[in-house]
Amino acid sequence: MNHKPWQSIFDTYNIHKHDFSKSPFVLTAEQIKKATAHFTNTTEREVRVLCKQDTRESRPQIFVDNNLFILPIKNGIYTIL
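Residues numbered from 1 in each chain as written. Predicted model: local features only at pLDDT ≥ 70, side-chain atom pairs only at ≥ 80, totals over all residues. Heavy atoms only, no water.

Quick look at helix α1 (residues 3-12)
We apply this condition: For every residue, the accessible area obtained with a 1.4 Å probe (protein chains only) is divided by the maximum for its type, and the residue is called buried under 20%, exposed over 50%, and partly exposed between those limits. Put simply, DSSP H or I for four residues or longer makes a helix, DSSP E for two residues or longer makes a strand, and each gets a number counted from the N terminus. In this analysis, two residues are considered to be in contact whenever any of their non-hydrogen atoms come within 4.5 Å of each other.
Where α1 is concerned, the buried positions are P5, W6, S8, I9 and F10. Those residues of α1 hidden inside the fold are in contact with β1 (25-28), α2 (29-35), α3 (47-50), α4 (61-65), β2 (70-74) and β3 (77-80).

See below:
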């Protein structure tokens, strides 16, 4: 699983502090790339791989802990809710 990259993304954009009861958090592929640029493994940087969460079990731990999931809005734009 991609726990470390998602932790980095959450930390970079202060997603922990976002009030999800008011609105979802919109995240772009470009933002994901910037937040994970320091990772060396392709699976830890590839947006397509990071955002693929087909089942509850496939969610990174930070999503499970915060009762969140991610959905694509359109090409290169995602929403965390």
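From this point, things continue past the structure.
Quick look at the sheet that holds β1
Applicable threshold: Two strands qualify as a pair provided that DSSP identifies no fewer than 2 bridges between them. For helices, the axis comes from a line fit to the C-alpha atoms of the stretch in contact; other axes are also lines fit to C-alpha atoms, and the angle between any two N-to-C directions lies between 0 and 180 degrees.
In spatial order, the strands read β1-β3-β2; together these 3 strands make up an open sheet with antiparallel pairing. This sheet does not close on itself; its edge strands, each paired only once, are β1 and β2. When the angles between neighbouring strand axes are averaged without regard to direction, this sheet yields 35 degrees. With 4 bridges connecting them, β2 and β3 associate as antiparallel partners. Residue pairing in the sheet places P72 in a bridge with Y78 of β3.

Some points on the environment of T12
Note the threshold: Whenever two N or O atoms come within 3.5 Å, that pair is a polar contact, provided that in protein one can donate a hydrogen and the other can accept it, and provided that, for residues adjacent in sequence, both atoms are side-chain atoms.
Looking at the secondary structure, you find T12 in helix α1. Classification of T12 by relative accessible area gives partly exposed; the value is 43%. Spatially, the C-alpha atom of T12 lies 19 Å from that of T43, the residues being 31 residues apart in sequence. A polar contact of 2.7 Å, which involves the side chain of T12, links it to the backbone oxygen of S8.

Remarks on the confidence of the model for the protein
As a reminder, the rule being used: The predictor rates its confidence in each residue with pLDDT, a number between 0 and 100.
Model confidence for the protein is summarised by a mean pLDDT of 94, while 99% of its residues fall at 70 or above. Confidence scores differ between elements of the protein, with α3 showing the lowest mean pLDDT of 93 and β1 the highest of 98.

Describing the pattern of salt bridges
The following threshold applies: Take a side-chain nitrogen of Lys or Arg and a carboxyl oxygen of Asp or Glu: if they are within 4 Å of each other, that pair is a salt bridge.
Per the stated rule, a full pass over the model turns up 1 salt bridge. Among the ionic pairs, D54 bridges to K52, the shortest N-O distance being 2.6 Å.

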